[in-house]
Amino acid sequence: MKEVRIVIDDEFDHVRDFQNGFAAVKKAGKYSFINSSGELICDFLYDEVLNFSQNLAGVMINDKWGFIDTKAKVVVDLVYDDVCSFVNDYALLRQGNENIIIDTQANIILKTEYDGIIRLSDKLFKIKKGDVFALIDQNGNFLSDFEFLSIKRLNEKLFLYKQKINGKVKCGVLNEFAKLVLEAKFDDISLINDEYLLVFDGFLYGLFDVNLNCIFDPMYKDVKFIAKDMIKVRVGTKYTLVDKNKNELSKNSFDFMKIIDDELVLFLENSKFGFMDQNGMLICEAKFDEVGEFVGGLACVKIANKYGFIDKNAKIIIDVMYDELRFFSENLAAFCVAGKWGFINTKGKTIIEAKYDEANSFSEGIASVKKDNRYFLINQNDEILCEHEYEYMSCFSCGLALVLTSDGFIYVDKNANIVIKEHFDEAFDFKEGLAQVCIDNQWGFINTNGEFVLDLQFENVNDLGNGIYELSKNGHKFYLEYNGKITLNPFSQRQIACISKDIGWRILRLLELKV
């Protein structure tokens, strides 16, 4: 079973995720905060709270807001109708018809009766009057008239604005000093790769760099970056390549193009695939009917209904002669000729003759094969290790393979002995000692001993790849790493997670699961 250490033993009606060392907790309808040691910093006093930011948290009692510090001392009186958290030393507040900016020392920087203030950057705010916006600095100085229909941030120094020009809404760009640096003449502008601005005039796309140098005016029907400085552009129904200096990298136009394995450009011409490098130099003319992904430096290709392998120079390494061909696994690939299966190595040498009616790929030195309606496990020397009865057997992982019986899925060892006897409605291969399993539409995780390390309790489990599972329960999402660590957010460094309980919530720290 899972190993859990309770860090905070109290049960609350609700808890929020930890932010900046503190979590908001709710009990009997009131909020307080706890630190990472589980200590309450104050009584349950507040009707609503915001998370701590810059050591200050917004709190509300009887519909009035203020701020407290990490010692629960009130530093901004609870007299405001609404507040936003501090960002870059400033917070936005509302009191009656007034919108207010204060600093972390509670000094009022600006008061205004305009309809709203929204922060754009450290020193730039947009202020609203009716349906239009103006720009002000952190001291309340106006930097523009009320002339913009909208303003939004592109990056730290550039901001998209919209204006009505001759009755039409057009987009342009402002810099961090509220200076117009790109005239409002486009229908849309978006930031690409943090380095470029893609502009659209309603029909065609153009490109600028973030220094507002024009790479090319709107002239293409589609623009896509397929590598750092390689741009795929469409003219009519065909694609070609240009670089960031507008130099054409390819003299020809193609029906389809994409980057392969971060090195090669795959293109489609007259229903055949070929390759070029990232400088647009032709590596291989269009001659393949199909091209698979590169795995271990090799890709499976098809020509005239036969399969073989090429390397990253598009050189045929293994002759295109097989009726079917699988990816290499443990340096062997299963192939089929005239209805019989065998195995070749990465040099194309036949290691196991084509004599089996079916064959799985090798995993952990073992493959399942079928011959004369009998199933066997063999090693890479084509030695029969044992016979088994299972029509479906997955590849081995962590010493176990998943097999399907009339009663459901079970797991067997390399001698085809049943190791995990419980029958599952659905199940997957083991990854780093854990496998996701399902009974009656409830998902959980078992270890290689068949013990549940996370009980059957989740409505859904989604393998996101990159070592992360996404778990869903009662509308909440949790994330489990393949190695058994669980968190609310796999992309944060937080060690504390909020785990839903049948009654209330508890804050738990989950250690590595026993596998």
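Just so we're clear, the structure is a prediction, and the values are computed from it rather than from any experiment. (Residues numbered from 1 in each chain as written. Predicted model: local features only at pLDDT ≥ 70, side-chain atom pairs only at ≥ 80, totals over all residues. Heavy atoms only, no water.)

A.B. asks: Could you give an account of the sheet that holds strand 43 (residues 401–405), naming the residues involved and the relevant values?
C.D. replies: Within the open sheet, the three strands sit side by side as 43-44-45. Their pairing is antiparallel. The open sheet has two free edges, formed respectively by strand 43 and strand 45 (418–424), since each of these has just one partner strand. On average, each strand axis in the sheet is inclined to that of its neighbour by 25°, with strand direction left out of account. Taken together, the five bridges between strand 43 and strand 44 (residues 408–412) define a ladder with antiparallel strand orientation. Residue pairing in the sheet places Thr405 in a bridge with Gly408 of strand 44. (Pairing = 2+ DSSP bridges. Helix = DSSP H or I, 4+ residues; strand = E, 2+ residues; numbered from the N terminus. Axes fitted to C-alpha atoms, helices over the stretch in contact; angles between N-to-C directions.)

A.B. asks: So what about the pattern of salt bridges? Which residues, and what values?
C.D. replies: Considering all chains together, one arrives at 16 salt bridges under this definition. A salt bridge links Lys224 to Asp222; its shortest N-O distance comes to 3.0 Å. (Salt bridge = Lys/Arg side-chain N within 4 Å of Asp/Glu carboxyl O.)

A.B. asks: Now, about the confidence of the model for the chain: what can you tell me, with residues and values included?
C.D. replies: Overall, the predicted model of the chain reaches an average pLDDT of 86, with 91% of residues at or above 70. In the model, residues 1–9 has pLDDT below 50 throughout and makes 28 contacts with residues more than four positions away in sequence or in other chains. Every residue in residues 489–515 scores below 50 in pLDDT, and together they form 85 contacts with partners more than four places removed in sequence or on other chains. (pLDDT = per-residue confidence, 0-100. Contact = heavy atoms within 4.5 Å.)

A.B. asks: Residue-level account of the side chain of Asn99, with values.
C.D. replies: Following the sequence through the fold, Asn99 ends up in strand 11 (residues 98–103). Excluding residues within four positions of it along the chain, Asn99 makes contact with Leu93, Arg94, Leu110, Lys111, Thr112, Tyr114, Asp115, Gly116 and Ile117.

A.B. asks: Report on the packing of aromatic side chains, specifying residues and quantitative values.
C.D. replies: Going through the model one piece at a time under the given rule, you end up with 23 aromatic pairs. Geometrically, the ring pair formed by Tyr392 and Phe409 is edge-to-face, given 6.5 Å between the ring centres and 85° between the ring planes. Taken as a pair, Tyr392 in the loop between strand 42 (384–388) and strand 43 and Phe409 in strand 44 lie far apart in primary sequence, 17 residues in all. These aromatic residues form a ring-pair network of at least three members: Phe22, Phe33 and Phe52. Lys126 extends its terminal NZ or CZ atom over the ring of Phe133, reaching a point 4.8 Å from the ring centre. For the cation-ring pair, Lys232 lies above Tyr239, with the distance from its terminal atom to the ring centre recorded as 4.8 Å. (Phe/Tyr/Trp six-rings, centres within 6.5 Å; stacked < 30°, edge-to-face > 60°. Lys NZ or Arg CZ within 6 Å of the ring centre and 35° of its normal.)

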